[in-house]
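Observations on the model geometry
Single-letter residue listing:
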Amino acid sequence: MNNTEYKQAIEQLNLWSKHYYVLDDPITTDEVYDKLYHEVVEYEQSNPDALDKNSPTQRVGDMISEGFTKESHLSRMWSLEDIFDKEGLEKWLTKTYKLDSNVSFYCEPKYDGASLNLVYENGVLVKGITRGDGTIGELITQNVKTIKSIPLTIEHKETIEIRGEVVIFKSEFEKINKLRQAEGEAVFANPRNAAAGSLRQLDSSITAKRNLVFLPYGVGVDTLPHKLLSEKMEYIYSLGFREPPQRAITKGYDEIEAIYEVMNKDRDSYDMMLDGMVVKVNEIAAQIDMGYTVKVPRFSVAYKFPAVEKITTVKEIILQVGRTGAVTPVAIVEPTNIDGVVVERATLHNFDEIERKDIRLGDKVIILRSGDVIPKIIKVLTHERDGSEVEVVKPTHCPVCDKELLQEEVLLKCQNLECDARVVNAIMYFASKPCLNIDGLGVKIVEALFKSGLVKSVVDLFDLSLEKLLELEGFKEKKAHNLLNSLHNAKGQEYWRFINALGIEHVGEVASKTLAENFGFAFVNATKEQIIECEGIGEEMAESLLEFVRVNAETITKLQTILEPLEPVKREEAKENPFKGKTVVLTGTMSESRGAIKEMLESLGAKVSGSISKKTDFLIYGEDAGSKYDKAVKLDVKTLTENEMKELI
């Protein structure tokens, strides 16, 4: 093979690959493809300097990364507002038509996978970035190159971001799980988890084996001249990307509803999992004019498919012990395929629910799965009983440490602070984003640290050293340094985060902020009467806090000394004004950020809440006020525009 033949062979292989992976129209056999592929490999091994970047050999994953670096998207990847029924569609259309009544809509499937952003420069794929928080994701370019439905090069030479969903087809998902089961590995819960897990493999050869598929749904930064989204997407498909199984350009409610019904009816016949349909304004100029709220684009919505119910059998009730010692029952059911996901467990909140629903081992039950929500048992088919069913007995001892359980109203609690389950889950919570946000403390690492004996409580995390970490299997210098840096960065954070990280039963982010603002470091010395005086804190929360402090006073002191959290500065009491001591809710888009308005109102002595109730004094609203405004009117809560608020101040 000479260089000209080599170039022709690459062109031929890529054509065959496109027909197989993108067009679903194979035009040769595996045997013929493999023969030419191996000839290309031999040529490249003999002529490494002649290697073509577009060669299919560049897709084979052969790199193992120590971790993924963070990477900013060129433009933000937005999440979508969800609607669930015809009424939701009508409301969204009413809002949209207020912004522009002369628009059409582009409808396509909403894939249930993992979002991915591709960056091409001068026609070459230079970056593959996970969605992350929408602004910054993880750089996984090497893994992305193994996905055969993603072109390594395209004809478009200007910088462009192509967004889409990475999925695993249902048939491939079943193969992967059968193989994992045979090898004694844990099976994936659903195709979406399998796709996300496969994308983030440190060993790119594993990603290459998973047969992932990329389905584009939009663009970010681009210089395309098209005036319609539908035209823009046709151009993207022409660059060598896979087309959706169904799409439509629609006008108004009736046409949108008609294509939604078709997609919902056909969803089981698609190769990939769908969880709804995306509706977007088709006119690009109108999209730009409509813009975005703080969270979502105004020109697009996700119209979710209805929940799915199936009948299955309760095989067993297992017990899970959480970070606070709460013992939760979980129903293990006969494996049941619900919309492409094999469901094997259903949530049960407590033993009162088991008693109320009269759930017994061996019962036939109806389980409901809706989107990402864990399936739940909604009905017991008592008429199907044959007498072999067994009543569920409430446990008296912890399933992990065998210590006696405490009954606290409907909750069962393990009070043993050294219980293995409590320790691991407490560390996971301690490191989570709403708490101290310690990057690198995933569940596998925490379990490894715990099993090795290096960490028996959250305090032990801060005794870790490079030498200790390098003794653990799977830890290399870079990974160890990253974890130690994350632990160091946990110091000096806001005090409410420190309180939240302690994992006190019933005390979440809002209550942690309230305690920090009212007591600062002295929250450990607060009396029940003082705690209950704080707005939003009731007797149950106060009792839980006092019990936690009694048992863990020494640990709290140690952690406070290590972490040196910032004690909140007490706000000076506001002068008299119409908002002092009032509960205020903000909604809609205003002339400045809601965060800035919230801060200003709090400086005036107002309490800014996230939800409307009878106790709300004012609702201050901007454009697209939505359901909060409707609820405020219904409850006779005084409503003010942003300008009216400023006039009052």
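Report follows, based on the coordinates. (Residues numbered from 1 in each chain as written. Predicted model: local features only at pLDDT ≥ 70, side-chain atom pairs only at ≥ 80, totals over all residues. Heavy atoms only, no water.)

**Some details on the overall build of the chain**
How we decide: Numbering of helices and strands runs from the N terminus, with a helix taken as a DSSP run of H or I at least four residues long and a strand as a DSSP run of E at least two residues long. Relative accessibility under 20% of the residue-type maximum defines a buried residue, over 50% an exposed one, and the middle range a partly exposed one, all with a 1.4 Å probe and only protein chains included. Any two residues whose heavy atoms approach within 4.5 Å at even a single point are treated as in contact. Charge assignment in this entry is limited to Lys and Arg as positive and Asp and Glu as negative, and neither His nor the chain termini are counted. Charged groups are reduced to one reference atom each: NZ for lysine, CZ for arginine, CG for aspartic acid, CD for glutamic acid.
Across its full length, the chain carries 22 helices and 24 strands. If you line up the chain on its principal axes, its C-alpha atoms span 85 × 60 × 60 Å. Here the chain holds 649 residues, and 45% of them are scored as buried. Considering only contacts in the chain between residues 6 or more positions apart, those separated by 24 or more positions represent 67%. Side chains of the chain carry 82 positive and 106 negative charges; the gap between the two charge centres is 2 Å.

**Details of the nonpolar core**
Note the following rule: Nonpolar cores are built from buried Ala, Val, Leu, Ile, Met, Phe, Trp, Tyr and Cys residues. Side-chain atoms within 4.5 Å join them into one set.
Among the nonpolar cores identified, the biggest contains 54 residues, and Phe430, Leu441, Leu449, Leu461, Ile531 and Leu559 are the most heavily contacted of them. Elements with a minimum of two residues in this core: α12 (420-430), α13 (443-451), α14 (466-470), α15 (477-489), α16 (495-501), α17 (509-519) and α19 (539-563). Of all the elements, α19 adds the most residues to this core, at 9 residues. With near-sequence residues (within four places) excluded, Ile531 lies in contact with Leu515, Phe519, Ala526, Ile537, Ala542, Leu545 and Leu546.

**Topic: the sheet that holds strand β24 (residues 638-641)**
Rules: For two strands to be treated as a pair, DSSP must find no fewer than two bridges joining them. In this description, a line fitted to the C-alpha atoms serves as the axis of each element, helices being fitted only across the stretch in contact, and the angle between N-to-C directions of two axes falls anywhere from 0 to 180 degrees.
A sheet is described by the order of its strands in space; here 4 strands give the open sequence β22-β21-β23-β24, paired in parallel fashion. If you trace the sheet from one side to the other, it starts and ends with β22 (607-609) and β24, each paired once. On average, adjacent strands in this sheet sit at an angle of 30° to one another, irrespective of strand direction. Lying on the sheet, helix α20 (residues 594-603) is in contact with β21 (583-587), β22 and β23 (618-621); it crosses β21 at an angle near 165°. Running at roughly 145° to β23, helix α21 (residues 627-634) makes contact with β21, β23 and β24 of the sheet.

**Things to note about the pairing of β23**
Heads up, the rule is: For a crossover, the right-handed case is the one in which the path from the first strand over the helix to the second runs clockwise, viewed with the strands pointing away from the viewer.
Of the pairings in the sheet, the one linking β21 to β23 comprises 4 bridges and is parallel in character. Along β23, the bridge assignment pairs Thr587 with Tyr621. Pairing geometry for β23 and β24, over 4 bridges, is parallel. In the strand pairing of β24, Leu619 is matched with Thr639. A crossover connection joins β23 to the parallel β24 through α21; in handedness this β-α-β unit is right-handed.

**Section: the environment of Asp222**
Basically, it comes down to this: Whenever a nitrogen or oxygen atom comes within 3.5 Å of another N or O atom, the pair is scored as a polar contact, on the condition that within protein one atom can donate a hydrogen and the other can accept it, and that pairs from neighbouring residues in sequence are kept only if both atoms are in side chains.
Among the structural elements, Asp222 can be located in the loop between β8 (213-219) and α8 (229-238). Looking at Asp222, the relative accessible area reads 23%, which means it is partly exposed. Taking the C-alpha atoms as reference, Asp222 lies 15 Å from Tyr237; in sequence the two are 15 residues apart. Every residue in contact with Asp222, bar those within four places of it in the chain, is listed here: Thr159, Ile160 and Lys232. A distance of 2.8 Å separates a polar atom in the side chain of Asp222 from the backbone nitrogen of Leu224.

**Things to note about the packing of helix α3 (residues 86-99) against helix α9 (residues 252-266)**
Each pair of packed helices can be described by the angle between their axes along with the distance between the axes. As a reminder of what qualifies: For this classification, under 35 degrees means roughly parallel, over 145 means roughly antiparallel, 65 to 115 means roughly perpendicular, and everything else is oblique. By the definition used in this description, the sense in which the near helix is turned from the far one sets the handedness, with an anticlockwise turn below a right angle giving left-handed and a clockwise turn giving right-handed. Put simply, Ala, Val, Leu, Ile, Met, Phe, Trp, Tyr, Cys and Pro go in the nonpolar bin, Asp, Glu, Lys and Arg in the charged bin, and everything else, Gly too, in the polar bin.
One way to put it is that α3 packs onto α9 with a least axis distance of 11 Å and a crossing angle of 140°. The orientation of α3 with respect to α9, classified from their angle, is oblique. Two packed elements cross with a definite hand, and for α3 against α9 that hand is right-handed. Contacts from Lys86, Leu89, Glu90, Leu93 and Tyr97 of α3 reach α9 at Gly252, Tyr253, Ile256, Glu257 and Glu261. Tallied by class, residues from the contact of α3 with α9 come to 5 nonpolar, 1 polar and 4 charged.

**A closer look at unusual backbone geometry**
If you check the backbone angles, Asp358 has positive phi at about 55° while not being a glycine. The topology assignment puts Asp358 in the loop between α11 (351-357) and β15 (360-361). Overall, Asp358 belongs to the partly exposed group, its relative accessible area being 29%.

**Comments concerning the packing of aromatic side chains**
Cut-off, in case you're wondering: Pairing of aromatic rings covers Phe, Tyr and Trp, the last through its six-membered ring, and needs centres within 6.5 Å; plane angles under 30 degrees mean stacked, over 60 mean edge-to-face, and all others mean tilted. Think of it as a cone above the ring: NZ of Lys or CZ of Arg counts as a charge over the ring if it is within 6 Å of the ring centre and within 35 degrees of the ring normal.
All chains considered together, the criterion is met by 15 aromatic pairs. A ring pair is formed by Tyr97 and Phe105, whose centres lie 6.0 Å apart and whose planes are at 70°; its orientation type is edge-to-face. On the accessibility criterion, Tyr97 (29% relative accessible area) is partly exposed. By relative accessible area, which is 0% here, Phe105 ends up buried. Their ring planes at 45° and their centres at 5.6 Å tell us that Tyr260 and Phe305 sit as a pair that is tilted. Here Tyr260 is found in helix α9, whereas its partner Phe305 is found in the loop between β11 (300-304) and β12 (308-321), with 45 residues between them in sequence. As far as burial versus exposure is concerned, Tyr260 and Phe305 are alike and both buried. Feature note: the residues Tyr495, Phe498, Phe521 and Phe523 constitute an aromatic cluster, connected by ring pairs. Cation over ring: Arg76 sits above Trp78, and NZ or CZ is 3.6 Å from the ring centre. Cation over ring: Lys456 sits above Phe450, and NZ or CZ is 4.3 Å from the ring centre.

**Digging into α12**
Taken as a whole, α12 has its buried residues at Ala421, Arg422, Val423, Val424, Ile427, Tyr429 and Phe430. Taken together, the buried residues of α12 touch β12, β20 (411-414), α13, α16 and α19.

**A few points about the side chain of Thr207**
Mapped onto the fold, Thr207 is located in helix α7 (residues 204-209). When sequence neighbours within four positions are dropped, the list of residues in contact with Thr207 reads Asn143, Thr146, Ser198, Leu199, Gln201 and Leu212.

**Notes on the sheet that holds β8**
The strand order across the open sheet built from 4 strands is β5-β4-β7-β8, with neighbouring strands paired in antiparallel fashion. Where the open sheet ends on each side, the last strands, each with one partner, are β5 (124-130) and β8. Shown here is a sheet whose adjacent strand axes are inclined to one another by a mean of 35°, direction ignored. Alignment of strand β4 (residues 114-121) against strand β7 (residues 160-167), held across 7 bridges, turns out to be antiparallel. Bridging from a neighbouring strand, Ser115 pairs with Glu165 of β7. The strands that α8 touches are β7 and β8; relative to β8, the one it contacts most, it runs at about 145°.

**Overview of the state of the cysteines**
Any covalent bond linking the sulfur atoms of two cysteines counts as a disulfide. Note the threshold: In what follows, a disulfide is any cysteine sulfur pair within 2.5 Å.
In the structure shown here, the tally under the stated rule is 0 disulfides. Free of any disulfide, Cys398 has its nearest neighbouring cysteine sulfur in Cys401, separated by 3.7 Å. Look at Cys398 and you get buried, because its relative accessible area is 2%.

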